[in-house]
Structure formats: structure tokens, C-alpha cells
Amino acid sequence: MSVVKNWDILSPNYLPDILPHRESQTQEIANNLSPASKGRKPQNTFIFGAPGIGKTASVNYVFREFEEYSGIKTIYINCWDFNTPTGVLTEIVNRLGLLGTIVQRRGWAKDEIMQRFNEAMNKIGKAVIVCLDEVDQLVYKDQSVLYDLLRMNAKNPLGLVFISNDAHVFAKLEPRILSSLNVEEIEFKPYTIEEMKDILQERARNGLRSFENGVVMLAANHAVQKGGDVRVGIQTLMKAATVAEEEGTDKLKVEHVKQVLSSVGKAKPEILKEKINDTEKIIMQLFDENKQMKSTELYDSYRSMVKEPISDRAFRDCISHLEQLKLIHINKKTVDGNTRIISKA
Ligand SMILES: Nc1ncnc2c1ncn2[C@@H]1O[C@H](COP(=O)(O)OP(=O)(O)O)[C@@H](O)[C@H]1O
Ligand SMILES: [Mg+2]
């Protein structure tokens, strides 16, 4: 008999039936948005807090309830996947489902998509709530879509939920967008060790057949020590379960968890590295060799590594993107001219 009852439950993408210790936050999100079900304007909401503490899960939890019980159409978008104005708008229009084939092809101008969007909003016959998760990606690249969404005036209400790790992300908004942004903020605080234990206990109970006392405590401790990301705890359970399965035992033991602890670290940099472009990957590779470099040296090293280097300007955009992701640090002081010291974060 195998240790694992259900691998899906041990995956970080799984959305559990209940979210222990996020009851008040999910309630607040639902309260803000539910006027939409009666045709009234919902309260736009901004959720912020550290990585891996249930922000995305909470919104998707509320969205699932809305889809089932309230007749509200919900659209969840991760701005890592759609980080341009036309990308976001096309995705929304496609998900509204009314224009499917029309917006399939690439190359629509923003105005045209906005027009389709308006038509779709007027036709759909119910309120729509859009969540823009990791909204920093839009604020950083091209904010204009936020303006369009905030100023949208259709027959059916449109509600917006924004999520970011950065509490101050909107400080970077242009004034005209900021003045249309009337959001209620909900701060997600990190879980305490007890809360982390409850969450992992529930996950283990549903995902595993049998586990020793102490397994959950150890995984919870590890997750809190590595910065409080629940994914670290879940990944610890999953890796330990893999070891137990290979061994052919039918119970997950503290021993198995101990074996994998050192291999499960902070989730964040790994996740981020999948999302950076090729130039940015090369830059990060260069920092594996030298912890610190002058910006001019960095560009020269980069140029010597690739056949068709991107422009100096585009390169600087990559550098600021990496800084924004907190993968590198740019020294405020210049050394000569525009040259700055850049180091690995
Ligand atoms: N209160 C909770 N109960 C159950 N699972 C949770 C809870 N909070 C977080 N998780 C799980 O932890 C993982 C990370 O949560 P997520 O919502 O993606 O974090 P965030 O969006 O804050 O970075 C997900 O697998 C999620 O299911
Ligand atoms: Mg998230």
C-alpha cells in the first residue's frame, strides 16, 4: 500500500476545500465583491502580503463560491502570463467567452479590443470580477490597461481585485490612474507556526494515508524558518512522501522528512527564475561567477556571450526588472558617469 492517497493534494496548485486561518480575509473579499451579484458596483480590492501565504488561494476560493452560487462571472489572470495591455484585455475578452474566435488572432490594436470588451460586458448579462494577480508586472511594464479597466463603464458591473507581494506597488502609478483607483486594502499577515501546522496537517490528512506524529511539525517548522511560504511546507511533505514511496513503506516517517529538509529551500527564487527572459537568465549566470560588477562590465560580459546582443537601453530594462524582482541590487551611487555597482541580492 502506498503512502500517498492523492498526489494532487500535495501539489502547490491544488485549491483545498477549506482555507484554515483565512476565514476573515475570504469573508472580507466576498463582502467587497458581492454587491456585484445585485447589479451594484463592487468595492475594488487590493490584497498584499508576503509570498506563499494564501493570497492567490483566497481569491480563487471566493471566485469558486461566486461561480457556483452567485451568478457572477469571475476571471483570474496572473500578470506574469499576460503582462501587456493587449495581452490582458485579449485574455479577458476571450474568457468572457462571447467573442472566442474573433480575438484569437494576434495583432489587434488596443482600441479594437476595448471595443470588443465593452460589447462583451454589455452582452454578458451578469457582473464580472477580474483578478489581476502579481499586478506589479503591469505597473512596472505598461500601466495603461489599469486606467482602461478602472474607467470602464459598461451596463454590467465590473469589479477588480489586485494582488501583489509589494504593499507599495501602487505608489508607482501615474497620478491619473491613482486618482481612479479606489481600492480597499486587505493585508495578509504571515502565518504563525501554529497556523502553519494546522494548514499542513489538513493537507497531510487529505493527501497521505498514514503519517507519524511529528511529520507535520517538522515540515511546518521548516516552512516558517525558510520565510513562511506554505509551498515550502507542502513541497517538504511531497518530497518526503516520494522517499517513503521509493522505500516501499506505508507510513510517512519523521526520518523521511529529515532526509529531504536540506533540499527544500525558499520557493521564491526558483519560481521567479522561470519567469525571467533569456537575457535576464544570462545576467543571473554572470552573477554566479562574480557577486558584484560594474554595470559597464556587466554589459560587456553579456555582449561577449551572445551573437546578437540587445541594445544598451533594452539591457537596462532587464537590469531594472531583475532589481524589481529583488534578484539583484543596484547601488544608488554612481562610480563614474552613469556606471553603477550591481550585486547579486
Ligand atoms: N490557509 C490555507 N489553507 C490551505 N492551504 C493554504 C493556505 N494558505 C496557503 N495555502 C496553500 O499554500 C500554497 C501557496 O498559497 P498561495 O495562495 O499561492 O500564496 P500567495 O498567493 O500568497 O503567494 C498553495 O498551495 C495554497 O493552497
Ligand atoms: Mg500568489
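Located above this text is the structure these notes cover.
Residues numbered from 1 in each chain as written. Chains lettered and ligands numbered in written order. Predicted model: local features only at pLDDT ≥ 70, side-chain atom pairs only at ≥ 80, totals over all residues. Heavy atoms only, no water.

1. Quick notes on the sheet that holds strand E7 (residues 328-336)
Part 1: Here we have 3 strands laid out as an open sheet, ordered E6-E8-E7, and antiparallel in their pairing. Edge positions in the sheet fall to strand E6 (292-294) and E7, since each of these pairs with one other strand and no more. Each strand of the sheet is rotated relative to its neighbour by a mean of 20°, with strand direction disregarded.
Part 2: Relative to strand E8 (residues 339-344), E6 runs antiparallel, the two sharing 3 bridges. Looking across to E8, one finds that Gln 292 is bridged to Ser 343. (Pairing = 2+ DSSP bridges. Helix = DSSP H or I, 4+ residues; strand = E, 2+ residues; numbered from the N terminus. Axes fitted to C-alpha atoms, helices over the stretch in contact; angles between N-to-C directions.)

2. Observations concerning the sheet that holds strand E5 (residues 184-187)
Pairing between sheet strands relies on hydrogen bonds along the backbone, with the strands arranged either parallel or antiparallel.
Part 1: A sheet is described by the order of its strands in space; here 5 strands give the open sequence E2-E3-E4-E1-E5, paired in parallel fashion. Of all strands in the sheet, those bounded by a partner on one side alone are strand E2 (73-78) and E5. Strand-to-strand twist in this sheet, taken as the mean axis angle between neighbours without regard to direction, amounts to 15°.
Part 2: Across the sheet, helix H2 (residues 55-69) lies against strand E1 (45-48), E2, strand E3 (128-133) and strand E4 (158-164), angled at about 160° from E2, the strand it touches most. (Contact = heavy atoms within 4.5 Å.)

3. Observations concerning the environment of Lys 251
Part 1: Within the element layout of this structure, Lys 251 appears in the loop between helix H10 (230-247) and helix H11 (254-260).
Part 2: Spatially, the C-alpha atom of Lys 251 lies 39 Å from that of Asp 81, the residues being 170 residues apart in sequence.
Part 3: Sequence-distant contacts of Lys 251, defined by excluding residues within four places in its chain, comprise Val 3, Ser 210, Phe 211, Glu 212, Ala 244 and His 256.

4. Quick word on the packing of aromatic side chains
Part 1: Inspection of every chain in the model, using the stated rule, returns 6 aromatic pairs.
Part 2: Relative to Phe 315, the ring of Tyr 302 lies with its centre 5.0 Å away and its plane at 35°, an arrangement referred to as tilted. Placement of the pair is Tyr 302 in helix H14 (residues 295-305) and Phe 315 in helix H15 (residues 312-324), with a sequence separation of 13 residues.
Part 3: One aromatic cluster is present, built from ring pairs that chain together Phe 46, Phe 48, Phe 162 and Phe 170.
Part 4: Above the plane of the ring of Tyr 147 lies Arg 176, whose end atom (NZ or CZ) is 4.0 Å from the centre. (Phe/Tyr/Trp six-rings, centres within 6.5 Å; stacked < 30°, edge-to-face > 60°. Lys NZ or Arg CZ within 6 Å of the ring centre and 35° of its normal.)

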